[in-house]
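# Survey of secondary and tertiary structure
Okay, here's what each chain looks like letter by letter:
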Amino acid sequence: MNRRNFLLAGAATLLAGSRAMAEMKMDGMPGMGGMDAGHDMTAMPGRLPTLPAGAPLRDLPRLANRSVESGLFEATLTAEPATARFAKGLDTRILGYNGESPGPLIEVTEGERVRITFANRLSGEQSTIHWHGVPVPADQDGNPMDPVAAGADRTYAFELPERSAGSYWYHPHPHGKTAEQVYRGLAGAFLVKPKIDPIPAAYGDTALFFTDLRLAADGKMPESTMADAMNGRVGDHVLVNGQKNPVLTVPAHARRRFRLFNATNARFLRLSFGEAPMTIIGTDGGPLETAVLGIRDVLLAPAERMEVIVAFDKPGTATLRTLAYDRGWMGAGRPNDADLKLLTVKVSKTPAGSFPPLPVTLRPIADLGTPSVSRRFVFGESMTMGASGMEMGFLINGVSFDMNRVDVVSKAGQVELWEIVNPADMDHPFHVHGTQFQVVETERAGKVAKPSYKAWKDTVNVARGETVRIMLRQDRPGPRMYHCHILEHEKLGMMGIVDVKA
Ligand SMILES: [Cu+2]
């Protein structure tokens, strides 16, 4: 899919709100032949590889700190082709950080300085590292405008502010190649620990990093199809820490802390531990003010994170599984997203030691005050005939991303109200670089709903037909990206630049 062709193709046919028409057109269109190749399970019965399940849940490998200086974290991340074995007897070529996918977990503490040298050893492709959600200066944030050429190195350096503890992640963000580099394996967890953790250590601290793998019969990751371009690439296997449905064993009455990361390109994960209730303690930007108890399921759109405590009171098996969620799908081949078993928790009969209660308050979350500027961002989807057949475009305020265009000029320290409007056919998770925001309200069919708790977030799902209003403030100058985190939509234009002036 070539965005330039799309732009040259002339006036786009705006199809927002006319899904039926889109589906009709997709059916007999030239250039649509490969739409579901390698993806539709029913088309090739028994031929796609099965992945072994049931191994003990592994901890993510950790990125070692090579610095001897206290308060400094120093390491190298090398992006390079690697080989993984997901299915028995089949080697899969992937992209890894330091040979691993997911990449090594980075664990640092608020107040520390970070110096990570990125070595780009991808063949012939530029890349960057974007520190998703981490408060870093604009020129250290791996924007597409600051590419690292194949074969080159660059060092990212930043200092983690006090009270920046949270569950963040890192992934490439080069122009036009983000989606492919991520689905081929480049993504990792970035934990910023608080100096004093309000969550009792007895709860543990387990990262569950979700990725979405598609394997062809020969063990290769197939190229993306037209359906992937439209809907985002959804795989056939949702993996946890690179494993299919691994097993975690806990004692009876255990309380466990999980950090959930949706690092998939386009998979919406509505997650439940079944009978075991969840308590939400944190979101994208770190801890909530107070824990939210008695939660049965949570929706994590692509790029969102959440921290939860799960109570395992019943001996037996508790399964982390997906529940149905309709995120809007164009054309045929809508994947099954319900009842995928992601993690099996075996709860033994032997009771654990005691679990101290959660503190009543976790931390204060300040109000941002009254906004002095309001802005409106409207998502759009378009379809045009180009030289190579039908081409999709994804737009914000009617335009496709242009690296050389500033879409919004803002001012450091200014409180703004952003209204994100989605009249289109699919949900679009909206992400802003450089800051955390608070969701003010969500509007659907004239009905306004306030969020049930206050939280810092860097990604919010804007469901089709919805308007989401967020309040934010950028504290540091420089250009920042905002975009849909279905990475194929980002690639096809659903991104803009806000230039923050000092
Ligand atoms: Cu999108």
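Residues numbered from 1 in each chain as written. Predicted model: local features only at pLDDT ≥ 70, side-chain atom pairs only at ≥ 80, totals over all residues. Heavy atoms only, no water.

Judged by nonpolar contacts, the single largest core of 37 residues is most densely connected at W418, F430 and Y482. Of the residues forming this core, the biggest block, 4 residues, is contributed by strand β22 (residues 389-396). Ignoring anything within four residues of it in the chain, the contact list for W418 reads R375, F377, F430, V432, V468, R469, I470, L472, Y482 and V498. Formed by 32 residues, the second largest nonpolar core is a distinct cluster that contains V238, V250, F312 and V347. (Core = buried A, V, L, I, M, F, W, Y, C linked by side-chain atoms within 4.5 Å. Buried < 20%, exposed > 50% of the residue type's maximum accessible area, 1.4 Å probe, protein only. Helix = DSSP H or I, 4+ residues; strand = E, 2+ residues; numbered from the N terminus. Contact = heavy atoms within 4.5 Å.)

It is worth spelling out the sheet that holds strand β6 (residues 130-132) at this point. Taken in spatial order, the 4 strands line up as β4-β9-β8-β6 in an open sheet, and their pairing is mixed. On the outer flanks of this sheet lie β4 (106-109) and β6, each paired with one strand and no other. On average, each strand axis in the sheet is inclined to that of its neighbour by 25°, with strand direction left out of account. Of the strand pairs in this sheet, strand β8 (residues 166-171) and strand β9 (residues 188-193) are connected by 5 bridges, and their pairing is antiparallel. Bridge pairing in β9 links Y168 to F190. (Pairing = 2+ DSSP bridges. Axes fitted to C-alpha atoms, helices over the stretch in contact; angles between N-to-C directions.)

Within strand β10 (residues 206-213), 8 of the 8 residues are buried, leaving the element largely enclosed by the surrounding structure. Here β10 shows two buried faces, one formed by T206, L208, F210 and D212 and the other by A207, F209, T211 and L213. The pairing of β10 with strand β13 (residues 254-262) spans 5 bridges and is parallel. The residue bridging F210 from the neighbouring strand is N262, located in β13. With 4 bridges connecting them, β10 and strand β11 (residues 237-240) associate as antiparallel partners. Looking at the pairing, L213 lines up with H237 of β11.

Counting across every chain of the model gives 42 salt bridges. Between K177 and E125 there is a salt bridge, with its nearest N and O atoms 3.5 Å apart. Here the residue K177 occupies a position in the loop between β8 and α3 (178-183), and E125 occupies one in the loop between β5 (113-120) and β6, the gap between them amounting to 52 residues. Relative accessible area serves as the criterion here: at 19%, E125 is assigned to the buried category. The shortest N-O distance in the salt bridge between E304 and K457 comes to 2.8 Å. (Salt bridge = Lys/Arg side-chain N within 4 Å of Asp/Glu carboxyl O.)

A word on empty space enclosed by the protein. Empty space left among the atoms is revealed by rolling a probe the size of a water molecule over them. A full pass over the atoms with the stated rule returns 5 cavities of 30 Å³ or more. The volume enclosed by the largest cavity comes to roughly 200 Å³. Considering the residues around the largest cavity, the lining is formed by 21 residues, among which V182, Y183, G185, T211 and D212 are closest to the centre. Every element with two or more residues in the lining of the largest cavity is listed here: α3 and β10. If one sorts the elements of the lining of the largest cavity by residue count, β10 sits on top with 4 residues. In terms of residue class, the lining of the largest cavity is built from 12 nonpolar, 6 polar and 3 charged. Reported here for the second largest cavity is a volume of approximately 80 Å³. Looking at the second largest cavity, the residues that line it are V234, A266, R267, F268, Y325, R327, W329, R334, P335 and D337. (1 Å grid on protein atoms, 1.4 Å probe; cavity = no way out; pocket = protein on both sides within 12 Å on 5 of 7 lines; lining within 4 Å. Points joined across faces, edges and corners; volume = space filled by probe spheres on them. Nonpolar A, V, L, I, M, F, W, Y, C, P; charged D, E, K, R; others polar.)

As a further point, take the pairing of strand β29 (residues 466-473). For β29, the tally of buried residues reaches 7 of 8 residues, placing the bulk of the element in the interior. In this structure, strand β24 (residues 415-421) lies alongside β29, joined through 7 bridges in antiparallel fashion. Note that in β29 the partner of V421 across the bridge is T467.

So, on to the coordination of the copper ion. The coordination sphere of the copper ion, as far as protein atoms go, consists of H428 (ND1), C484 (SG) and H489 (ND1), spread over 2.0 to 2.1 Å. All donors of the copper ion belong to a single chain; written as a sequence motif, their spacing is H-x55-C-x4-H. (Donors = N, O, S within 2.8 Å, 3.2 Å for Na, K, Ca; no water.)

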